[in-house]
Amino acid sequence: MRYVQSMKKVFGVHRKVVWICYVVLLIVSIPLAFLLYDLFAKVWEDSLSVERLIGEFDYTIWRDALNQEQETWKSLWKMLAVLFPIGLMLMSLSSAGVYYCLDKKSVRVGDFLKGIRTLGWRYLAIALVMICLLALWSLAIWTYYLSHLFEFLEFWKDDRYIVWLGAGLLAIWGVGAYVLFMIGNVAKVEQLQCRGNVLRSFFTGWRNKWNACIRLAPSILLIISIGIAITVLYLGLSSTFKPSAVLVLLLFQQLVTWGKVGLRISAYETVRSFVVGTS
Amino acid sequence: MVLLILRAMRLIIFFMSFFSLLPSFADTSTCREKSDAHALSLRTTNYVMELDLDESKHQVQGKSTITWVNRSPDAVSTLRLYMYLNAFSNRKSSYLRNGRGIGSDQVDDRPAEDWGWVKVSQAHQEKVEEPLKQSYVSPTDGNPEDQTVLEIALWEPVDAGDTLRLELEFESKLPRIFGRSGFAEFSFMHWVHWYPKLGVYEEDLDGTWGWNCHQFLPQMEFYGNHGNYEVLINAPSHWTLGGSGCMGVSVLDDSRSRFHFVAHDVIDFAWVASPHLQVIEEQWNDVHLRYLYPSSHAGHADRLVQAATFGLEYMTQYVGDYPYTTLTVLDPPVYGLRSGFMEYPTYITGGSFYAWPRQIRTIESLVLHEFAHQYFMQLLANNEKEEAWLDEGFATYYEDRIMEAMLGERSSLFDVFGYHVSNSAFTRNEYVSIAEGKTDPIGTKSWEIEGPYKAIIYSKTATFLKTLECYMGRQDFDAMMRRYFEAHKFTNPRGEDFLNLLRATLKTQDDNILSPHADAFIDEAIFGTSTCDYLIKDVKQDGQGGIFDHTIRLERRGDLSIPVEVAVKFEDGVDQLLVWDGQEQAHEMHLSGPHRILSVEIDPHRKNQMDINFNNNSFAARPGKLGRAKYAGKLAFWFQQITNTLAVLL
Ligand SMILES: [Zn+2]
């Protein structure tokens, strides 16, 4: 119920903030679509293959394109290599604006930008630290599995155990990843009050952080589940889609994205009120 | 004198021990093979072997009686035998020394018990007491350290048409699996290339008779004459054994049994032994099928059954009868996976993992590939060392066909969320992906190939065969393959046998556009390294007074040329199908008429599968944009999906 209430508040009071965050996401992904549209023109030129892309998935058209147009595809990777970090950076900065607005109970664009100005770089630093920690955590878990995989394959009597071990490690990895990112989020909230050293506040108040982690879990799980559900739905349907259906689904995705942004902001609100309210 | 009597007695006892090996069907054999069933092959080389398995040492003690019929005009005074387990006896063998053999990356720190070998302790020619002299020879690469070919000098030459009876006592020790041969954890043992085996005495292309008995080098497989095998193995009763031919079991004592294998008219004998395999038995017409698998793979045992029975059905219909009464399929446990993916006479091994998705049909494709080898390598027993394309390429081609007949043309290999890949498209892609300049001709001897072996030998050959099928029409192609099969089954055909039949068949096909240029195409495809890429350079349309002059400029990149069809579509809906013989590097077509051209396409039915890029084969006057928009939209979706999930975390 709490989430329904906080969602109501988000879409009522913080409507503008939702819009700002949504636009940030949109300006990250929409230019990519246009760049790709042009890139495909280079790959298939004026051949009939372009028309065949309209129908069902055709492995040969794609493999021949991948094999023969390697230079063009390299430019796609370069494009992604630039766009992706920019997107992540924009999103990290926008969370500074959101927290600031929530803290000031303001919905003005000016306050959003002020939040980015005053907190943005700190938030970016926290995000980077969290990404590094996540990389280390992943390395710790998966290096073990992957470096021993051949040993498991050769010396374990039953391959079921190899699969189960993989699934178990995935679960452990998931919990660890979640805890790390929640700690990151709590650290950001703390920046609202203690404007000092990022690291100093990072290592204090574990109890609050832990509680926030637990409080936040349902909404984060909800966001991730929606993401997975949409992905599966899209995967299951889209291979046979005509272009019009793809575009309709892309529009539908905008609605979902808007809802997810709202959910994300209500989650921020929860963690903020919790950490700020009890410290 | 006493000495002489003693020696004579020893000799009598020695030979009696071999006669005791003669088939005794008093056991609980389920074998339906009769030892004197009408011979399907010439039965040039025949083996009766009795083995004691020492499972703790991964070793067998064996006695072998080889009968060999000299079908040459020569009196033969030396024999050559494959001793392939010695390829795994040390790192100086030709197989391991240059680092290219499978498993040669695992030679460092190998404990002594992980190496393998085979030794002949005694060899006797019939009626001669004195043991035969043996020495190792290196006819293929001259490596004096290699011990994979044994030469035995006979006391008496074997005259033309005569039969030799050779008695051997030997000992084989498996290595930890190299290639496909060896032991793994949990007492899993795969006995491949494991016994002293006679080479092939044959006439080479220059008309000289001699032993074709290559050393074991990387990428090599089998070459042998057809014959009968009777193999008796003393092994633990509770173990599961399987292998070539049919199997019967008779209990010897509390713990051990004698497993009795009989395989007729085959070129080799391989077997597996393990205490941890389960068995399913099925019947398909006259063929008794045995599936061996670890319990964790029970969930997909039905996939093995479906693939093998469908394969039997299909090959019988399109190539020829499966003449044997058994087929054994092993799905190895993962700890023995290195023994998988291989073909032996009436015995094949696949490969899978627990919970392997049904939408990824590699389990089926592996079984079908290895099954197709029953025809190409076993019944048509080509020299897999010198002309591997005749078996690997042909098996891949039929693997593609059976997979598509069984699981659908578009999605036979992979079908996840509607993203589908057919087996043959995957095969063609392997050939298309061979990097320029990194290839060898299909017809290269397998140990001399330095390019990507599988892409060249398997995939390029299969793509070549599919191209032939498309140009000839499936019916005529199948008729030719049946002729090839019937003419050469139970013999050792050569590449030229197939190519001569192919050339002759193409000459009789008047309506086949490939026929006039077939010889050059075949030569370049098999013995050359060129590729081909047909493409449309440009299309010009000049209109005056309601009449258009069209110029279509076509081009071929690469020196592999083949005639192609060119389909032209006009605005009024009329289609024209033209033919370009494809011989020059570039070609112009001139057309005129009252309508504009809508599209031009080279090879609209994708008959020429050797074309390495289909995307540049066509021209559309008004190329649609929706296809591009569709995939641009899709990728934008994914990007947005990923970023807005990450946004939560940032
Ligand atoms: Zn094969």
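Every residue gets a number counted from 1 within its own chain, in the order that chain's sequence is written. Chains and ligands are labelled sequentially in the order written, the chains with letters from A and the ligands with numbers from 1. Since the coordinates come from a predicted model, pLDDT governs what is reported: local features require at least 70, and pairs of side-chain atoms require 80 or more to be given and counted, while whole-chain, interface and lining totals use all residues. For side-chain calculations, the full set of non-hydrogen atoms in the structure is used, while hydrogens and water are omitted.

*Asks:* Honestly, the overall build of chain B in this entry has me stumped. Any pointers?
*Replies:* In this text, helices come from DSSP runs of H or I with a minimum length of four residues, and strands from runs of E with a minimum of two, each type numbered from the N-terminal end. In terms of helices and strands, chain B carries 11 helices and 31 strands. Its C-alpha atoms give chain B principal-axis dimensions of about 115 × 70 × 50 Å. The long-range share in chain B, meaning contacts at least 24 apart out of those at least 6 apart in sequence, stands at 71%. Charge convention: Lys and Arg are scored as positive, Asp and Glu as negative, and His as well as the terminal groups of each chain are ignored. Every charge is mapped to an atom, namely NZ of Lys, CZ of Arg, CG of Asp or CD of Glu. Averaging the coordinates of the 59 positive side-chain charges in chain B and doing the same for the 89 negative ones gives two points 4 Å apart. The contact criterion used throughout is that any non-hydrogen atoms of two residues lie within 4.5 Å.

*Asks:* What should I look at first to understand the confidence of the model for chain B in this one?
*Replies:* Detailed reading of the predicted coordinates is not advisable wherever pLDDT is low. Residue and element names in this part refer to chain B. Mean pLDDT over chain B works out to 92, with 94% of the residues at or above the 70 mark. Within the model, pLDDT remains below 50 along residues 11-28, and this stretch shows 36 contacts once partners closer than five positions in the same chain are excluded. For this predicted complex, the interface confidence reaches an ipTM of 0.87, while the overall pTM sits at 0.91. pLDDT expresses how confident the predictor is about each individual residue, on a scale running from 0 to 100.

*Asks:* Just to check I follow, could you spell out the nonpolar core for this structure?
*Replies:* Nonpolar side chains in soluble globular proteins generally cluster together in the buried interior. Residues and elements named next belong to chain B. Working definition of a nonpolar core: buried Ala, Val, Leu, Ile, Met, Phe, Trp, Tyr and Cys residues. They are joined through side-chain atoms within 4.5 Å. Burial classification: accessible surface area is computed with a 1.4 Å probe over protein chains only, and a residue below 20% of its type maximum counts as buried, one above 50% as exposed, and the rest as partly exposed. The biggest cluster of nonpolar side chains holds 157 residues, and the ones touching the most others in it are Trp194, Trp271 and Phe498. Tallying contributions element by element places helix 7 (residues 453-472) first for this core, with 11 residues. Setting aside anything within four residues of it in sequence, one finds tryptophan 194 in contact with Met49, Leu51, Val60, Leu85, Val118, Phe170, Ser172, Val231, Phe269, Ala270 and Trp271.

*Asks:* Explain the environment of A:Thr231 to me, please; I cannot follow it from the model alone.
*Replies:* As for its placement among the helices and strands, A:Thr231 is situated in helix 9 (residues 206-238). Taking the C-alpha atoms as reference points, A:Thr231 and A:Val43, 188 residues apart in sequence, are found 27 Å from one another. By the criterion applied in these results, polar contacts are pairs of N or O atoms within 3.5 Å in which, for protein atoms, one can donate a hydrogen and the other can accept it, and in which residues neighboring in sequence qualify only through two side-chain atoms. At 3.1 Å, the side chain of A:Thr231 and the side chain of B:Gln641 are in polar contact.

*Asks:* What should I look at first to understand a nonpolar patch on the surface in this one?
*Replies:* All names here are of chain A. In this scheme, patches are assembled from residues that exceed 30% relative accessible area and form no salt bridge. Like charges are connected within 9 Å, while nonpolar side chains (Val, Leu, Ile, Met, Phe, Trp, Tyr) are connected within 5 Å. Methods summary: accessible areas were calculated by the Shrake-Rupley approach with a probe of 1.4 Å, and residue burial reflects only the protein chains presented. Any Lys or Arg side-chain nitrogen located within 4 Å of an Asp or Glu carboxyl oxygen qualifies as a salt bridge. A grouping of Val129, Leu133, Leu136 and Leu139 is seen on the molecular surface, where their side chains present a nonpolar patch of about 350 Å² in accessible area. With respect to the helices, strands and loops of the structure, leucine 136 is situated in helix 6 (residues 109-155). Given the relative accessible area of 54%, leucine 136 is considered exposed.

*Asks:* In this structure, what is going on with the interface of chain A and chain B? I would like to understand it.
*Replies:* Buried accessible area, meaning the area lost when the parts come together, often serves as the stated size of an interface. The interface is formed by 80 residues belonging to chain A together with 64 residues belonging to chain B. Summing both partners gives a buried area of about 7,000 Å² for chain A against chain B, and 62% of it is carried by carbon and sulfur. At the junction of chain A with chain B, the criterion picks out five salt bridges. The residue A:Arg52 makes a salt bridge to B:Glu601 at a minimum N-O spacing of 2.9 Å. The interface formed by chain A and chain B holds 28 residue pairs in polar contact (both at pLDDT 80 or more) in total. Contributions of two or more residues to the side of chain A that touches chain B are made by helix 2 (15-44), helix 3 (49-52), helix 4 (59-68), helix 5 (70-104), helix 6, helix 7 (159-191), helix 9 and helix 10 (243-278) of chain A. No other element matches the 13 residues that helix 2 of chain A contributes to the side of chain A that touches chain B. Side-chain classes are defined by residue name, with Ala, Val, Leu, Ile, Met, Phe, Trp, Tyr, Cys and Pro counting as nonpolar, Asp, Glu, Lys and Arg as charged, and the others, Gly among them, as polar. Partitioned by chemical class, the residues of the side of chain A that touches chain B number 45 nonpolar, 18 polar and 17 charged. Note on definitions: buried area is the accessible-area loss of two parts on being combined, 1.4 Å probe, summed for both.

*Asks:* Explain the pairing of strand 18 (residues 278-284) of chain B to me, please; I cannot follow it from the model alone.
*Replies:* Successive residues of a regular strand alternate their side chains across the two faces of the sheet. Residues and elements named next belong to chain B. Strands were regarded as paired on the criterion that DSSP finds at least two bridges between them. As paired elements, strand 18 and strand 19 (residues 287-293) share seven bridges and run antiparallel to each other. Within the sheet, the bridge partner assigned to tryptophan 284 lies in strand 19 and is valine 287. Linkage of strand 18 to strand 19, two consecutive antiparallel strands, is achieved through a turn of two residues, within which asparagine 285 is found at a positive phi near 45°.

*Asks:* What is the right way to look at empty space enclosed by the protein in this model?
*Replies:* Rolled over the atoms, a probe sized like a water molecule indicates the empty space that remains. Residue and element names in this part refer to chain B. With a 1 Å grid laid over protein atoms only, a set of points is called a cavity when a 1.4 Å probe fits there but cannot get out and a pocket when it is open yet has protein on both sides within 12 Å along at least five of seven lines; lining residues have an atom within 4 Å of a point. Grid points are joined across faces, edges and corners, and a volume is the space filled by probe spheres set on the points. Counted according to the given criterion, the structure contains three cavities of 30 Å³ or more. What the largest cavity holds in volume is close to 90 Å³. Forming the walls of the largest cavity are Tyr82, Tyr84, His193, Trp194, Tyr195, Lys197, Glu221, Phe222, Tyr223, Asp268 and Lys385. By residue class, the composition of the lining of the largest cavity is six nonpolar, one polar and four charged.

*Asks:* What should I look at first to understand the pattern of salt bridges in this one?
*Replies:* Here the idea is simple: oppositely charged side chains can pair when their charged atoms come close. Residues and elements named next belong to chain B. Evaluated as defined, the whole model comprises 34 salt bridges over all chains. Note that lysine 489 and glutamate 486 form a salt bridge whose closest N and O atoms lie 2.9 Å from each other. If you follow the salt bridges from partner to partner, you end up with Asp114, Arg176 and Glu185 in one network.

*Asks:* I'm lost on unusual backbone geometry in this one. Help?
*Replies:* It is generally the case that most residues other than glycine have a negative phi and that most peptide bonds are trans. Residue and element names in this part refer to chain B. Notably, phenylalanine 186 is not glycine yet its phi reads approximately 55°, a positive angle. Its location among the elements puts phenylalanine 186 in the loop between strand 8 (182-183) and strand 9 (189-191). The partly exposed category is assigned to phenylalanine 186, whose relative accessible area is 26%. Its identity as a non-glycine residue notwithstanding, threonine 346 has a phi of 50°, on the positive side.

*Asks:* Got a minute to help me understand the environment of B:Arg410 in this structure?
*Replies:* Mapping B:Arg410 onto the fold places it in the loop between helix 5 (389-407) and strand 23 (414-416). A sequence separation of 202 residues divides B:Arg410 from B:Thr208, and the C-alpha atoms of the two residues are 49 Å apart. Aside from chain neighbours lying at most four places away, what touches B:Arg410 is A:Glu56, A:Phe57, B:His420, B:Val421 and B:Ser422. In this structure the side chain of B:Arg410 is engaged in a polar contact, spanning 3.2 Å, whose partner is the backbone oxygen of A:Phe57.

*Asks:* I keep staring at the state of the cysteines and nothing clicks. Help me out?
*Replies:* Note on terminology: disulfide denotes any pair of cysteine sulfur atoms within 2.5 Å. This structure, assessed with the given rule, holds zero disulfides over all chains. Left unpaired, A:Cys21 is separated from the closest cysteine sulfur, that of A:Cys101, by 8.8 Å. The closest cysteine sulfur to the non-disulfide-bonded B:Cys532 is located on B:Cys470, 13 Å from its own sulfur. By relative accessible area, which is 0% here, B:Cys532 ends up buried.

*Asks:* I tried to follow the layout of surface pockets on my own but got confused; where do I start?
*Replies:* All names here are of chain B. Reported here for the largest pocket is a volume of approximately 940 Å³. Contributing to the lining of the largest pocket are 47 residues, with Arg180, Phe341, Leu366, Lys454 and Tyr458 lying nearest its centre. Counting only elements with at least two residues in the lining of the largest pocket, the list comes to strand 21 (342-344), helix 4 (362-372), helix 5, helix 6 (423-432) and helix 7. Residue contributions to the lining of the largest pocket peak at five residues, all from helix 4. Class assignment for the residues of the lining of the largest pocket results in 22 nonpolar, 15 polar and 10 charged.

*Asks:* I keep staring at the side chain of B:Asp400 and nothing clicks. Help me out?
*Replies:* Residues and elements named next belong to chain B. Relative to the assigned elements, aspartate 400 resides in helix 5. Buried and unpaired, aspartate 400 has no salt bridge, with lysine 466 as the nearest side chain of opposite charge at 6.9 Å. Not counting residues up to four positions away in its chain, the partners in contact with aspartate 400 are Asn423, Ser424, Thr427 and Ala462.

*Asks:* I tried to follow the packing of helix 4 of chain A against helix 6 of chain B on my own but got confused; where do I start?
*Replies:* How two helices sit against one another is set out by the angle between their axes and by the gap between those axes. Two elements in contact, helix 4 of chain A and helix 6 of chain B, have axes separated by 11 Å at closest approach and are oriented at 10°. Judged on the interaxial angle alone, helix 6 of chain B and helix 4 of chain A are roughly parallel. Between helix 4 of chain A and helix 6 of chain B, the residues in contact are A:Tyr59, A:Thr60, A:Arg63, A:Asp64, A:Asn67 and A:Gln68 and B:Ala425, B:Phe426, B:Arg428, B:Asn429 and B:Val432, respectively. With axes taken as lines fitted to C-alpha atoms, and helix axes fitted only over the stretch in contact, angles between N-to-C directions fall between 0 and 180 degrees. Any angle that falls under 35 degrees is termed roughly parallel, while one over 145 is termed roughly antiparallel, one within 65 to 115 roughly perpendicular, and all others oblique.

*Asks:* Please clarify how the sheet that holds strand 13 (residues 227-236) of chain B should be interpreted in this entry.
*Replies:* Residue and element names in this part refer to chain B. Here we have seven strands laid out as an open sheet, ordered 4-7-2-1-13-16-15, and mixed in their pairing. Strands with a single pairing partner mark the edges of an open sheet, and in this sheet they are strand 4 (117-125) and strand 15 (246-251). Geometrically, the sheet is characterised by an average inter-axis angle of 15° between neighbouring strands, direction not taken into account. Sheet topology places strand 1 (residues 45-54) next to strand 13; six bridges connect them, and they run parallel. Its bridge partner lying in strand 13, methionine 49 is registered against valine 231.

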